[in-house]
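# Structure at a glance
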Amino acid sequence: MTSLVTARNVSKHFGSTRAVDDVSFSIEKGRILGLIGPNGAGKTTLLKALLGLTDCDGDLSVLGLDPFKQRKELMQNICFIADVAVLPRWIRVSQLLDYVEAVHPNFSRPRAEELLSRTKVKHDKKVRELSKGMVTQLHLSIIAAIDAKLLVLDEPTLGLDIIFRKEFYSNLLADYFDEERTILVTTHQVEEIENILTDVMFIVDGKILLDAPMETVSESYVELLASGANAEKARSYKPIHERDVFGKKVMLFEGTDRSLLAELGELHTPSIADLFVAKVKGASA
Amino acid sequence: MGNQLALIKREIWEHRSIYITPAAIAIVMLLLALTGQVAISALGASVDLAMMGANELPPEAHKAMITGFVAGLGSIFVVAMWILTIFYSLDSLYAERKDKSILFWRSLPVTDAETVLSKLLVAIVVIPLVTFAAIAVTQILSLIFASIWLNAEGGNAGLLIWQALDLVDIWGGTLIFVLALPIWLSPFVGWYLFVSAWAKRMPLLIAFLPLFVLPMIEKIVFGTAFLASAFFERTASLPLFNIGDNTFAMFELEDMPFDENMISLLGIIDLGKFLSSLSLWAGLIVCGLFTTAAIYVRRYRDES
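Residues numbered from 1 in each chain as written. Chains lettered and ligands numbered in written order. Predicted model: local features only at pLDDT ≥ 70, side-chain atom pairs only at ≥ 80, totals over all residues. Heavy atoms only, no water.

Per the secondary structure count, chain B includes 16 helices and zero strands. Sequence separation of 24 or more characterises 79% of the internal contacts of chain B that already satisfy a separation of 6 or more. About 13,700 Å² of surface is accessible on chain B, with carbon and sulfur atoms providing 71% of the total. (Helix = DSSP H or I, 4+ residues; strand = E, 2+ residues; numbered from the N terminus. Contact = heavy atoms within 4.5 Å. Areas by Shrake-Rupley, 256 points an atom, 1.4 Å probe, with all protein chains shown as cover.)

In structure tokens form, the structure reads like this:
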């Protein structure tokens, strides 16, 4: 496999605040990586560094390029949706297509037209006349018509209703994703994307808390639902997190033998959200 | 530079005032011409004389009168052009930050230098060219209206107007003027672009306050008026004419201290004087520095 992104000891300071604190990771081709973290964890700063929108310390290579110094070359092969509000409100749909077609060597106008024809977005409308969901459809149609190697999505479905959110991700998979392409996504609505992710990364206080493929996550982490004496016994296996649900204990274990736990109660693969909470609390304890 | 055409088109889509303003002025002027208020009063007494068949003006003076009248139609467009340039440059890098579309624009393979350059080009080339087109159309239509009126009143428009009209001279002179003026004033355009890229809010105030406050401070501290003259005399004087440096010389031909029999726009324009003016090149350097600073700010400032 080839690494699309390689970060070695990357840091970004704002005064004395370390927004990104000495992180190292790599992203392989054909993966869908979810970058999960609370507000102010450094997610957006890290994405900006990847996109060449901000400089940083350490070694950062994206598609073999220095993102800050070679931003124009990089943008021919990267797309990003930073927030649903970024399309200029004054522009007409047809003008937007004309512009992207003129400046982007990897944009396919027919492909964008085809994707747009499946929506209610009309060419003569201005962006300000479209609903929020339609603006996102428009943006995604443009992005999906660009033959880019890496797609970066920062809270792409913020402020959309549930129908559009679901549709966004299913369109993303259907129209955009293939083994030649890679997606990096951040969102607060983890539960909506966890079934499409191939990899997950937790970032808290500028540091990476977890960086693993999803299959490893389901192998290494297990959630046990137990009560009474079984819960007491389970506790001796040192769960990384414990919470109460309807009078029972839900304990999250890392690397503990499943056969030992299976005797004590029901086992589940933890959701990303629960795992995140456990890791963050465990890290701060 | 292959992106420049698309970038400039983009600017015109966003800032429709670039063509709406001159078009609106043209329409108002033509309506006034239609009701006779501009064309007729400008042609003035000589029209009456001509209609009575008593046009005794020598051909040179006749041509001077027509040139002065037709060229003068452009003056209001030039004033509007400069106001438009100020508002356009101040808005060009500010609006995209205010509506956050800057993140979308920067997600495409276009450099910050290309983007800022396209805005500079619109300010000092595109706006003047659109203005010139509006002036030319207004001049032609005004002359046509005047001709129809003259003929209806029994005069001979062919003889009175068209025979004495030298459009190559008028349009050549006007085109050079509308292009030279923004280049001469380019240090201001550079400053406005920089403020537009840099100001967190109220770019208009931030752009204009120093133009008044700095000369005042200079006057109080040093007792000199270098900045005041640099800022204000630059607007009032333009080293383009061989009849003095009055910026509006072209539109006030009748007041000029030279032989009115010789009036020709290309005749009063001295490009050699303009291009060899040190002030012109010093101004272009200032414009370049501010433009570079604007690119730098757009590139390096974190907008979140």
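This part covers the environment of D274 of chain A. Residue and element names in this part refer to chain A. With respect to the helices and strands, the residue D274 is situated in helix α11 (residues 272-284). On the accessibility criterion, D274 (24% relative accessible area) is partly exposed. Along the sequence, D274 and E114 sit 160 residues apart, while their C-alpha atoms lie 40 Å from each other. (Buried < 20%, exposed > 50% of the residue type's maximum accessible area, 1.4 Å probe, protein only.)

The next thing to look at is the pairing of strand β10 (residues 221-226) of chain A. All names here are of chain A. Across the six residues that make up β10, a large majority, five, are buried. One ladder, built from three bridges, connects β10 with strand β13 (residues 266-268); its direction is antiparallel. Looking at the pairing, E223 lines up with H268 of β13. (Pairing = 2+ DSSP bridges.)

With that settled, consider the packing of aromatic side chains. Within a pair of aromatic rings, the relevant descriptors are the distance that separates the centres and the angle that separates the planes. Applying the stated criterion across every chain yields a total of 14 aromatic pairs over all chains. Measuring from ring centre to ring centre gives 5.2 Å for F68 of chain A and Y300 of chain B, while their planes differ by 70°; the resulting arrangement is edge-to-face. With F68 of chain A in the loop between β4 (57-62) and α2 (71-75) and Y300 of chain B in helix α16 (residues 278-300), the pair connects residues from two separate chains. Seen in terms of ring centroids, Y296 of chain B and Y300 of chain B are 4.3 Å apart; in terms of plane orientation they differ by 25°. Their pairing is stacked. Placement of the pair is Y296 of chain B and Y300 of chain B together in helix α16, with a separation of four residues, close to one helical turn. Given a relative accessible area of 52%, Y296 of chain B falls into the exposed group. (Phe/Tyr/Trp six-rings, centres within 6.5 Å; stacked < 30°, edge-to-face > 60°.)

Let's shift gears to the pattern of salt bridges. Inspection of the entire model under this criterion finds 28 salt bridges over all chains. Residue D199 of chain A is joined to R31 of chain A by a salt bridge in which the shortest nitrogen-to-oxygen separation is 2.5 Å. Separated by 168 residues along the polypeptide, D199 of chain A in strand β8 (residues 199-204) and R31 of chain A in the loop between β2 (17-28) and β3 (32-36) bring together distant segments of the chain. Pair check on accessibility: D199 of chain A and R31 of chain A agree, each one buried. Salt-bridge contacts for R10 of chain B lead to E11 of chain B; the nearest nitrogen and oxygen are separated by 2.7 Å. Each member of the pair, R10 of chain B as well as E11 of chain B, carries the same accessibility label: buried. Sharing partners across several salt bridges, the network here consists of R71 of chain A together with E96, R106, D112 and R298 of chain B. (Salt bridge = Lys/Arg side-chain N within 4 Å of Asp/Glu carboxyl O.)

This part is about the environment of R92 of chain A. Residues and elements named next belong to chain A. The residue R92 is located in the loop between β5 (78-81) and α3 (93-103) in this model. Separated by 35 residues in sequence, R92 and V127 have C-alpha atoms that sit 6.1 Å apart. Once you skip the residues sitting within four places of it in the chain, R92 turns out to touch H123, D124, K125 and K126.

Here we come to the sheet that holds β2 of chain A. Residue and element names in this part refer to chain A. Ordered by their spatial adjacency, three strands build an open sheet running β2-β1-β4, and the pairing between neighbours is antiparallel. Bordering the open sheet on either side are β2 and β4, each of which pairs with just one other strand. Here the strands of the sheet are splayed against their neighbours by 15° on average, with no regard to which way each runs. Where strand β1 (residues 3-14) lies against β4, five bridges are found, and the strand directions are antiparallel. Its bridge partner lying in β4, T6 is registered against S61. Against the sheet, helix α1 (residues 43-50) makes contact with β1, β2 and β4, and its axis sits at roughly 60° relative to β2, the strand it touches most. (Axes fitted to C-alpha atoms, helices over the stretch in contact; angles between N-to-C directions.)

A grouping of R89, R92 and R128 of chain A together with R16 of chain B is seen on the molecular surface, where their side chains present a positively charged patch. Note on placement: R128 of chain A falls in the loop between α4 (109-117) and α5 (132-144). Residue R128 of chain A is classed as partly exposed on the basis of its relative accessible area, which comes to 44%. (Patch = residues over 30% accessible without salt bridge, like charges linked within 9 Å, V, L, I, M, F, W, Y side chains within 5 Å. Lys, Arg positive; Asp, Glu negative; His and termini not counted. Charge placed at Lys NZ, Arg CZ, Asp CG, Glu CD.)

Once that is clear, we can look at the confidence of the model for chain B. Looking at chain B as a whole, the pLDDT averages 85, with 88% of positions reaching at least 70. Helix α3 (residues 39-51) of chain B is the least confidently modelled element of chain B, averaging 52 in pLDDT, while helix α11 (residues 186-198) of chain B averages 96, the highest of any element. (pLDDT = per-residue confidence, 0-100.)

Residues and elements named next belong to chain A. Parsing chain A into structural domains produces domain 1 (3-205) and domain 2 (216-284). Relative to domain 2, the C-alpha centre of domain 1 lies at a distance of 34 Å. Counting residues at the interface gives eight residues for domain 1 and eight residues for domain 2. Between domain 1 and domain 2, a total of about 660 Å² is buried, with carbon and sulfur atoms accounting for 89% of that surface. Applying the counting rule to domain 1 against domain 2 returns zero salt bridges. In this structure, the connection of domain 1 to domain 2 is made through one residue pair in polar contact (both at pLDDT 80 or more). Examining the composition of the side of domain 1 that touches domain 2, we find that three residues originate from one element, β8, more than from any other. Per-class residue counts for the side of domain 1 that touches domain 2 are six nonpolar, one polar and one charged. (Domains from an automatic or database assignment. Buried area = accessible area lost by both parts, 1.4 Å probe. Polar contact = N/O pair within 3.5 Å; in protein donor to acceptor, adjacent residues only side chain to side chain. Nonpolar A, V, L, I, M, F, W, Y, C, P; charged D, E, K, R; others polar.)

Time to look at the sheet that holds β3 of chain A. Residues and elements named next belong to chain A. Sheet architecture is open: six strands sit in the order β5-β6-β7-β3-β8-β9, paired in mixed fashion. Each edge of the sheet is formed by a strand with only one pairing partner; in this case those strands are β5 and β9 (207-213). Going from strand to strand, the sheet's axes swing by 15° on average, the running direction of each strand aside. By the bridge criterion, four bridges tie β5 to strand β6 (residues 150-154) in an arrangement that is parallel. The residue of β6 that forms the bridge with C79 is L151. Contacts between α5 and the sheet are confined to β5 and β6, with β5 contributing the most and set at about 175° to the helix.

This brings us to unusual backbone geometry. All names here are of chain A. The phi torsion at D22 lies on the positive side, around 55°, for a residue other than glycine. With respect to the secondary-structure elements, D22 resides in strand β2. By relative accessible area, which is 43% here, D22 ends up partly exposed. At L63, a position not held by glycine, the phi torsion is positive, near 50°. Tracing the chain through its elements places L63 in the loop between β4 and α2.

What follows concerns a nonpolar patch on the surface. Residue and element names in this part refer to chain B. Nonpolar side chains collect at one region of the surface, where M202, L205, L209, F212, V213, L214, M216, I217, I220, V221, F222 and F232 lie side by side and expose about 1,200 Å² of accessible area between them. Among the elements that make up the nonpolar patch, the one with the highest residue count is helix α12 (residues 203-222) (10 residues). One can find V213 in helix α12. Judged by relative accessible area, which is 33%, V213 ranks as partly exposed.

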